[in-house]
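As a plain string of letters, each chain reads:
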Amino acid sequence: MELNRRTVIAGAAAAGIAATTLGGTAHATGGRTPVKSLFGKLADGTKIYCWSLENGGTRLKVLSYGGIVQSLEIPDRRGRYTNVSLGFDTIEDYVSSSPYFGALIGRYGNRIAKGKFTLDGKAYQLSVNDGDNSLHGGAQGFDKRVWDIEPFTKGSDVGLYLYYTSVDGEMGYPGTLRSKVTYTLTRHGDWRIDYEATTDKATVVNLTSHVYWNLAGESSGTIYDHELSIAAARYTPVDSGLIPTGELAKVAGTPFDFRRTKTVGEDIRVAHQQLLYGKGLDHNWALDKGITARPEHIATLRDPSSGRTLKIATTEPGLQFYSGNFLDGSLVGTGGTVYRQGDGLCLETQHYPDSPNHPSFPSTVLRPGQTYRSTTVHSFSA
Ligand code: BGC
């Protein structure tokens with residue numbers, strides 16, 4: 001966290017908390033050994049745990065169900081904490097009605113047209129769960145699986161290793177896929193995600209994280225005043241089913257141009273066919289930097305009212321920016337208020353949607369002997 005160790009401690013002092021206890025079982029670095037508590041049980045009795053972590057002024061709660069970020073608290077410019085990630089209080093809500101709040105997404109982030117693709121001459125049919133298409137890994141994606149979680153502290157970092165093995169044929173995907181996701185909170189309060197996966201048969205993989213951000217607080221209304229920049233001169237236009245047409249269109253002169261910072265709401269009501277298809281912004285930006293060995297900065301989101309700022313760096317070539325268009329007032333979140341359209345937004349770092357059906361897009365194929373790797377870093381300041 002850039003600012004703001006001092007502000008955080010000032011905030012803690014104001015709240016009557018001794019700075020030394022900020023991190024619970026404090027390390028010299030301020031990191032806190034992850035603490036496990038029971039969150040609830042699935043219908044079959046499986047216990048779901050909540051892991052609480054804190055470091056560098058960021059507080060994170062993660063569920064063993066879906067690797068879900070149930071809460072992520074950061075301070076504003078005056079040191080006041082709030083939860084900036086939409087979510088639920090109960091496991092029942094996550095199981096019955098979550099639009100992927102905070103979840104790990106796999107095996108394939110976003111859509112695969114008609115749930116079909118061909119690899120090495122063999123045709124595969126995936127679970128179809130979004131009209132005719134397969135979305136976020138199908139009906140029982142990684143967001144609905146129970147992950148094995150191991151905590152760690154390493155130097156000044158604290159974090160969690162999350163493991164899930166997806167069996168050959170699960171949701172129609174070939175190969176046994178062993179995934180390991182590492183959530184790290186650094187001493188600067190950055191939340192880093194490292195994804196790794198291996199397979200025993202050729203397959204496709206595209207893992208991401210589906211946090212809905214609202215930097216003013218998860219129950220504070222819409223994100224249309226948030227300022228956003230995205231380092232991308234092109235995006236992938238979609239058809240009415242939100243499947244990329246294959247074109248890499250220029251953002252210049254369109255509502256999709258976030259190269260200069262503007263508010264999320266500025267162009268969201270422009271009568272542009274693509275905005276009609278998405279009921280707002282729900283598109284993949286083709287990041288200028290492409291695939292990189294190390295995470296590079298690609299987007300900045302800022303809430304002017306609180307000063308809270310999120311910077312995202314990634315190794316991935318794409319960013320799905322979804323402006324919470326399908327939130328419809330039917331869900332009650334952790335703050336006890338109803339979530340309505342635009343109350344949160346997602347910035348999902350990934351390969352492009354439907355890549356298995358677009359040979360010109362960066363490949364999402366993973367073969368035996370290879371290791372899938374992807375890293376995204378979320379840095380907070382105020
Ligand atoms: C997709 C949206 C979808 C949403 C589900 C996003 O990643 O881009 O089209 O409705 O996930 O919550």
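If you're wondering where the values come from, they're calculated on a predicted model, not measured in any experiment.

Chemist: Explanation requested: the sheet that holds strand β23 (residues 309-314) in the structure shown.
Modeler: The strands making up a sheet associate through backbone hydrogen bonding, with each pair oriented either parallel or antiparallel. The strand order β11-β12-β13-β14-β29-β23-β22-β17-β20 describes an open sheet built from 9 strands, whose pairing is antiparallel. Of all strands in the sheet, those bounded by a partner on one side alone are β11 (148-154) and β20 (262-263). Relative to strand β29 (residues 372-381), β23 runs antiparallel, the two being bridged by 6 bridges. Each residue of the ladder has a partner; that of threonine 314, found in β29, is threonine 376.

Chemist: Can you walk me through the site of the ligand in this structure?
Modeler: Neighbouring the ligand are 13 residues, the closest being Arg111, His210, Tyr212, Asp282 and Glu348. Here an oxygen atom of the ligand and a side-chain polar atom of aspartate 282 are 2.4 Å apart. In the complex, 94% of the free accessible area of the ligand, which totals 310 Å², lies under the protein chains. The cavity where the ligand resides is the largest pocket. Taken together, the residues that form the shell around the ligand break down as 6 nonpolar, 4 polar and 3 charged.

Chemist: Help me out: how do you make sense of the layout of surface pockets in this one?
Modeler: Leftover empty space is mapped by rolling, across the atoms, a probe with the size of a water molecule. Of the pockets and cavities examined, the largest pocket occupies roughly 350 Å³. Tyr100, Leu135, Tyr212, Tyr322 and Phe326 are the residues nearest the centre of the largest pocket, which is lined by 19 residues in total. Per-class residue counts for the lining of the largest pocket are 8 nonpolar, 6 polar and 5 charged. Each pocket or cavity is described by its volume, and for the second largest pocket that value is around 260 Å³. Listed by contribution, the elements that provide at least two residues to the lining of the second largest pocket are β28 (365-366) and β29. The dominant element in the lining of the second largest pocket, judged by the number of residues it contributes, is β29, at 4 residues. Taken together, the residues of the lining of the second largest pocket sort by class into 6 nonpolar, 8 polar and 2 charged.

Each value, and the rule that gives it
Per chain, residues are indexed from 1 in the order of the written sequence. Predicted model: local features are reported for residues with pLDDT of at least 70 only, side-chain atom pairs are reported and counted for 80 or more only, and whole-chain, interface and lining totals are derived from all residues. Hydrogen atoms and water are omitted, and side-chain values are computed over all heavy atoms in the structure. What makes two strands pair is DSSP finding at least two bridges between them. By the criteria applied, helices consist of DSSP H or I runs no shorter than four residues and strands consist of E runs no shorter than two, each listed in order from the N terminus. Think of it this way: one heavy atom of a residue within 4 Å of a molecule or strand is enough to make that residue near it. Under the rule applied, a polar contact is a pair of N or O atoms within 3.5 Å (in protein, one hydrogen donor and one hydrogen acceptor; residues adjacent in sequence only if both atoms are side-chain atoms). All accessible areas in this document rest on Shrake-Rupley with a 1.4 Å probe, and a residue is counted as covered only by the protein chains that are shown. Only protein atoms enter the 1 Å grid used here. Points where a 1.4 Å probe fits but cannot escape make up a cavity, open sets with protein on both sides within 12 Å along at least five of seven lines make up a pocket, and a residue lines them when an atom lies within 4 Å of a point. A pocket or cavity is taken to hold a molecule when more than half of that molecule's atoms are within 2 Å of the pocket's grid points. Throughout, the ten residues Ala, Val, Leu, Ile, Met, Phe, Trp, Tyr, Cys and Pro are labelled nonpolar, Asp, Glu, Lys and Arg are labelled charged, and all others, Gly among them, are labelled polar. Grid points are joined across faces, edges and corners, and a volume is the space filled by probe spheres set on the points.

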